[in-house]
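Structural features, examined
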Amino acid sequence: MSAGLLPTPDFTFDPEAAGACVAGVRPFRKGAYRLDAETVSGKFVVHNYGHGGAGITLSWGCAAKVRDIVRERLTTSHDTEVAVLGAGVMGLTAATLLLDLGLDVTIYSDRRPVDTTSHKAGGEWGVSVIDSVGKKEELKQIITTAYTKFKCSVGQNFGVFERPLFTPKESENLEIVRDWLPNLLPERKKCDRLPVSGPARRGFEYQTLLIEPPVFLNRLETDLAARHVPIVLRRFASRAEVLALSQNIIVNCTGLGSMKLFNDAKMCPITGQLAMLPPQPGLKYLLGRDGYMFPRSDHVVIGGTTEQKVNSEVPNKACCKQLVRGIAKWFGLAPAEPLPDTHIHHPRNAPVVDPRLAASLEDR
Ligand SMILES: Cc1cc2nc3c(=O)[nH]c(=O)nc-3n(C[C@H](O)[C@H](O)[C@H](O)COP(=O)(O)OP(=O)(O)OC[C@H]3O[C@@H](n4cnc5c(N)ncnc54)[C@H](O)[C@@H]3O)c2cc1C
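Residues numbered from 1 in each chain as written. Predicted model: local features only at pLDDT ≥ 70, side-chain atom pairs only at ≥ 80, totals over all residues. Heavy atoms only, no water.

**Topic: the site of the ligand**
Applicable threshold: Here a residue counts as near a molecule or strand whenever at least one of its heavy atoms sits within 4 Å of it. Identification of polar contacts relies on pairs of N or O atoms within 3.5 Å, with a donor-acceptor requirement for protein atoms, meaning one able to donate a hydrogen and the other able to accept it, and with residues adjacent in sequence counted only if both atoms are side-chain atoms. All accessible-area figures derive from a Shrake-Rupley calculation using a 1.4 Å probe, and residue coverage is judged against the displayed protein chains alone. The helix and strand labels rest on DSSP assignments: H or I over at least four residues marks a helix, E over at least two residues marks a strand, and numbering proceeds from the N terminus. Each residue receives one of three labels: charged for Asp, Glu, Lys and Arg, nonpolar for Ala, Val, Leu, Ile, Met, Phe, Trp, Tyr, Cys and Pro, and polar for the others, Gly being one of them.
Close to the ligand lie 38 residues; Gly52, Thr57, Ser109, Asp110 and Ser118 are nearest. Contact between the ligand and Ile56: an oxygen atom at 3.2 Å from a main-chain N or O atom of the residue. Compared with its free state, where it exposes 1000 Å², the ligand has 95% of that area covered by protein. Mapped onto the shell around the ligand, the elements with two or more residues apiece are strand E1 (21-29), helix H1 (55-73), helix H2 (89-98), helix H3 (117-120), strand E11 (267-277) and strand E13 (292-295). Taken together, the residues that form the shell around the ligand break down as 14 nonpolar, 18 polar and six charged.

**Here's the deal with the sheet that holds strand E3 (residues 43-49)**
What counts, and what does not: Pairing between strands is defined by DSSP: at least two bridges between them are needed. Only C-alpha atoms enter the line fits that serve as axes; for helices the fit covers just the stretch in contact. Angles between N-to-C directions range over 0 to 180 degrees.
Overall, mixed pairing links the six strands, which are arranged E2-E3-E10-E4-E5-E9 in an open sheet. Strands at the two margins of the open sheet, each flanked by one partner only, are strand E2 (34-40) and strand E9 (231-233). Averaged over all neighbouring strand pairs, the angle between strand axes comes to 20 degrees, with direction disregarded. Strand direction decides the pairing type here: E3 and strand E10 (residues 249-252), joined by four bridges, are parallel. Each bridged residue has a counterpart across the sheet, and for Phe44 the counterpart in E10 is Ile249.

**Some words on the confidence of the model for the protein**
Which entries qualify depends on this criterion: pLDDT gives the predictor's per-residue confidence on a scale running from 0 to 100. For this analysis, residues touch if any pair of their heavy atoms sits within 4.5 Å.
Per-residue confidence for the protein gives a mean pLDDT of 92, with 91% of residues at or over 70. Scored below 50 in pLDDT, residues 343-364 makes 59 contacts in the model with residues more than four places away or belonging to other chains.

Listed below in structure tokens is the structure:
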């Protein structure tokens with residue numbers, strides 16, 4: 001390593017190795033994520049889904065909103081039990097905060113946390129691949145609560161770390177936070193030269209958080225188990241099955257599952273590919289923009305693709321290989337190669353799913 005430069009990753013990658021290539025499906029919702037309540041057949045249903053590529057990032061903030069909605073409900077009802085549907089990050093964080101209300105919480109899910117989309121996420125704290133039409137003020141509160149809670153959990157065995165993020169251009173995922181909430185994040189610095197080996201390029205250094213989803217979800221699951229919250233493995237085939245649950249308060253955190261379960265035509269799958277390199281503990285920084293690299297304790301995760309309206313968890317090995325080459329290029333270690341059929345969607349850009357959603361910019 002040259003003086004002043006960050007360690008160069010080892011980009012050795014075998015796409016044929018077990019677990020080297022992963023595909024996950026972001027639960028994107030056109031227009032805006034859903035966070036509201038309705039009464040259906042006498043049941044109070046709180047919806048919390050559609051957070052696209054920012055579910056880990058926003059989880060604690062959304063969970064706090066869910067808790068507040070349920071707390072308000074309890075001023076007019078005597079319910080003591082709540083059912084949480086979903087064992088991804090939204091379900092587990094909501095369940096955790098609902099315990100604050102003294103309720104008996106039961107989680108229902110057709111997958112264990114380790115098998116959810118949440119478990120596959122890369123783990124950068126950044127507001128990415130999400131629409132929020134008409135929800136700017138609410139989202140500002142969610143972002144503030146979520147960031148503050150994650151920041152407080154650094155060093156507390158939640159898999160959350162403060163890390164610099166280097167980008168050749170501004171990171172839209174963080175610029176929107178700087179724009180809306182100027183005092184929330186640490187200062188961003190301009191770099192005359194990004195501190196990585198290879199071709200010199202200008203860029204930016206942000207301070208953000210790395211949230212390792214496998215560690216974070218495991219911690220949530222362990223803590224919930226210690227507080228006697230069961231995860232009941234069960235698939236719901238219809239809304240009627242959900243409404244037949246014994247609990248009167250139901251919190252719906254089924255992510256993409258809401259497309260069928262609650263007949264939500266605004267839900268739109270956006271698949272992303274991830275290349276998982278062996279862990280490299282010396283790497284303590286993130287790279288972002290048009291492909292990203294997040295060094296975690298389990299893997300160095302390289303990703304950044306979005307395949308709209310594709311709902312497939314089958315990894316694309318060729319794509320993963322290209323993702324690795326794309327990041328290696330930063331270090332002068334691979335020939336230039338465009339990302340395959342990708343688009344990085346940021347909340348303030350024109351939405352990728354439907355151009356008519358350009359209206360989503362109106363309140364930003
Ligand atoms: C490749 C990739 C990279 C990502 N990177 C990041 C990142 O760096 N930062 C970030 O903040 N976010 C990231 N995300 C986004 C993040 O993963 C999602 O926003 C988040 O996981 C959504 O959480 P969820 O709990 O709503 O959904 P899920 O994790 O999908 O959980 C849904 C739950 O509902 C259950 N369920 C669904 N339907 C039914 C049914 N019919 N019956 C019973 N149970 C049901 C499922 O079993 C599951 O338990 C990434 C996503 C992908 C795909």
